[in-house]
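# Working through the structure, step by step
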Amino acid sequence: MARIVMKFGGTSVADMDRIRNVARHVKREVDAGHEVAVVVSAMSGKTNELVAWTRDASPMHDAREYDAVVASGEQVTSGLLALALQNIGINARSWQGWQIPIKTDNAHGAARILEIDGSELIRRFGEGQVAVVAGFQGLGPDNRIATLGRGGSDTSAVAIAAAIKADRCDIYTDVDGVYTTDPRIEPKAKRLKKIAFEEMLEMASLGAKVLQVRSVELAMVFKVRTFVRSSFEDPDAPGMGDFLNPPGTLICDEEEILEQEVVTGIAYAKDEAQISLRRLADRPGVSAAIFGPLAEAHINVDMIVQNISEDGSKTDMTFTVPSGDVDKALKVLNDQKDKVGFDVIQNESGLVKVSVIGIGMRSHAGVAASAFKALAEKGINIKAITTSEIKISILIDGAYAELAVRTLHSVYGLDKS
Ligand code: ASP
Ligand code: MG
């Protein structure tokens, strides 16, 4: 017997038929003797609709009322799933965030979970009851409903798994696992059996949109073994209830991955823009004068490259921001012109950052060199490079994104079985 959290996203609970299908997945695990807490999202599209209503009601909306409205999508699906479970003979009840309670900070609309009291859920597991928990929501210090930011029910699921010391947190979604790269770009992409927390964090931050980034951070900190699998397979197909080896991808501690490949996956982030400041003063405080105001304007700066000064007095600085933030960034920088003392600003949009990810890189030389050589052979020009212990990121023209992803995917042998 194990204790598991099963989380179902919006497409998995999109209508009553799908909710009944989810109930069958839950029944399978209950029948196998496991203790189960289920976490649900709102029906797909519902949260967008609720958000739009709050904007319509008041463009400068009060974040506490926004939360009261948008949390309602999960209230509906948790109740409906509890009913569907009861209907097939399973003892189940729904829980809203405030009832558990899942305590959060007071950053309404983007709250962080502070504490979860799992004792009542655990007591009821002992009585054979399944808990169906509304994802995405908790209770703020002001005693009002708080939501966790878009995609937050993944984070609810991992946090609950940590609080009730679950053996595993199964994230059921509309894809059947985490792939070596985006299968829409490279059909030879392979589903990974396992991926380390750190690697998944890099993949998720780069837009492998399987999980909310925050949920992966939390899983890493609390070492919650998190499993990504499909809710669309027949709940009773062979192997689905295999506890040790179900179909999907396990996100886990690197120690659990015995045969570590050098490279695990290739990720990409579209719509990057590069901004260059030419001939700015090479003296203490210049970087702070550039990046401080950008941070205050909530502009997310990524790759930063500063040239070595030729004459000891002037240098160049290049960095990337999301394309959508270019105009705002240029305005912020021009306002700083006197302090920073640059000659000209140049910018280029429509770039893509392609990243090679793998914890095996820590102990292997030449990983970056192979990427550069392969891209050169395809005539792809590199505009900027950054590296970390487990990642090499390369900025290129957007037109070459797909070619670069496929090239790198094959260079590291990821398309071989
Ligand atoms: N329903 C929320 C959203 O759409 C939370 C979630 O689905 O994870 O963002
Ligand atoms: Mg989601």
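Scroll up for the structure.
Residues numbered from 1 in each chain as written. Chains lettered and ligands numbered in written order. Predicted model: local features only at pLDDT ≥ 70, side-chain atom pairs only at ≥ 80, totals over all residues. Heavy atoms only, no water.

Our next topic: the layout of surface pockets. In this structure, the second largest pocket occupies an estimated 570 Å³ of space. Surrounding the second largest pocket, 21 residues form its lining, Leu-192, Lys-193, Lys-194, Glu-259 and Glu-261 being those nearest its centre. Looking at the lining of the second largest pocket residue by residue, the class counts come to seven nonpolar, five polar and nine charged. (1 Å grid on protein atoms, 1.4 Å probe; cavity = no way out; pocket = protein on both sides within 12 Å on 5 of 7 lines; lining within 4 Å. Points joined across faces, edges and corners; volume = space filled by probe spheres on them. Nonpolar A, V, L, I, M, F, W, Y, C, P; charged D, E, K, R; others polar.)

Moving on to the side chain of Ser-78. The topology assignment puts Ser-78 in helix α4 (residues 72-87). Judged by relative accessible area, Ser-78 falls into the buried class, the value being 0%. In terms of polar contacts, Ser-78 uses its side chain to reach the backbone carbonyl oxygen of Gln-75, at 3.0 Å. Leave out the neighbours within four places in its chain, and Ser-78 touches Val-40, Ser-94, Gln-96, Val-132, Val-133 and Ala-134. (Helix = DSSP H or I, 4+ residues; strand = E, 2+ residues; numbered from the N terminus. Buried < 20%, exposed > 50% of the residue type's maximum accessible area, 1.4 Å probe, protein only. Polar contact = N/O pair within 3.5 Å; in protein donor to acceptor, adjacent residues only side chain to side chain. Contact = heavy atoms within 4.5 Å.)

Per the counting criterion, the structure on display carries 30 salt bridges. Between Arg-64 and Asp-62 there is a salt bridge; the shortest N-O distance is 3.1 Å. On the accessibility criterion, Arg-64 (36% relative accessible area) is partly exposed. Taking the shortest distance from any N to any O, the salt bridge between Arg-191 and Asp-176 comes out at 3.2 Å. Here Arg-191 is found in the loop between β9 (168-173) and β10 (194-196), whereas its partner Asp-176 is found in the loop between β9 and β10, with 15 residues between them in sequence. A relative accessible area of 36% means that Arg-191 is categorised as partly exposed. A relative accessible area of 23% places Asp-176 in the partly exposed class. Each of the salt bridges in this network shares a partner with another, and the network as a whole consists of Glu-120, Arg-123, Arg-124 and Glu-127. (Salt bridge = Lys/Arg side-chain N within 4 Å of Asp/Glu carboxyl O.)

Now for the nonpolar core. If you look at the biggest cluster of nonpolar residues, it comprises 44 residues, and the most contacted ones within it are Val-5, Val-133, Ile-160, Ile-164, Cys-169 and Met-200. Not counting the four nearest positions on each side in its chain, Met-200 is found in contact with Val-178, Ile-195, Val-210, Leu-211, Val-216 and Ile-251. (Core = buried A, V, L, I, M, F, W, Y, C linked by side-chain atoms within 4.5 Å.)

Let us look at the site of ligand 1. Around ligand 1 sit Ser-41, Ala-42, Thr-47, Glu-74, Phe-136, Arg-150, Gly-151, Gly-152 and Ser-153, and that is every residue in its neighbourhood. In the model, an oxygen atom of ligand 1 is placed 2.8 Å from a nitrogen or oxygen of the Gly-151 main chain. In this structure, Ser-153 approaches ligand 1 through a side-chain N or O atom, which is 2.4 Å from an oxygen atom. Taking 260 Å² as the accessible area of ligand 1 by itself, protein coverage stands at 86%. In the shell around ligand 1, the residues fall into two nonpolar, five polar and two charged. (Near = heavy atom within 4 Å. Areas by Shrake-Rupley, 256 points an atom, 1.4 Å probe, with all protein chains shown as cover.)

On to the state of the cysteines, then. Applying the stated criterion to the full structure yields zero disulfides. The cysteine Cys-169 is free of any disulfide, with Cys-252 supplying the nearest cysteine sulfur at 14 Å. Look at Cys-169 and you get buried, because its relative accessible area is 0%. Look at Cys-252 and you get buried, because its relative accessible area is 0%. (Disulfide = S-S within 2.5 Å.)

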